[in-house]
Amino acid sequence: MEASIAAVLFYVLGLLVLYWVIRLAVRHAIHDADQRRSREWVVNVADRVSRERRI
């Protein structure tokens, strides 16, 4: 009986750790995508401004 309770607790703990790792990975991926998108936006605006100055 005690072994099955320990196994269930260990399983739940494993699921919580897995959830936490996946959550951190997703948050990190979203942050990286936002940074990349903002960098691309700055480059696009700079290109557009330099093209308008040439005209």
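Helix and strand counts for the chain come out as one helix and zero strands. In terms of overall dimensions, the chain is more spread out than a globule: its C-alpha atoms have a radius of gyration of 24 Å, far above the 10 Å expected for 55 residues. For the chain, the spread of C-alpha atoms along the three principal axes comes to 80 × 5 × 5 Å. Within the chain, the fraction of its 55 residues that count as buried is 0%. Of the accessible surface of the chain, which amounts to about 5400 Å², a share of 67% is contributed by carbon and sulfur atoms.

Two side chains that carry opposite charge are able to pair once their charged atoms sit near each other. Per the counting criterion, the structure on display carries one salt bridge. With a closest N to O distance of 2.9 Å, Asp-34 and Arg-37 form a salt bridge. Linking Asp-34 with Arg-37, this pair stays in helix 1 (residues 2-54), spanning three residues, or about one helical turn. On the accessibility criterion, Asp-34 (39% relative accessible area) is partly exposed.

What counts as what
- Residues numbered from 1 in each chain as written.
- Predicted model: local features only at pLDDT ≥ 70, side-chain atom pairs only at ≥ 80, totals over all residues.
- Heavy atoms only, no water.
- Helix = DSSP H or I, 4+ residues; strand = E, 2+ residues; numbered from the N terminus.
- Rg over C-alpha atoms; globule rule 2.2 N^0.38 Å.
- Buried < 20%, exposed > 50% of the residue type's maximum accessible area, 1.4 Å probe, protein only.
- Areas by Shrake-Rupley, 256 points an atom, 1.4 Å probe, with all protein chains shown as cover.
- Salt bridge = Lys/Arg side-chain N within 4 Å of Asp/Glu carboxyl O.

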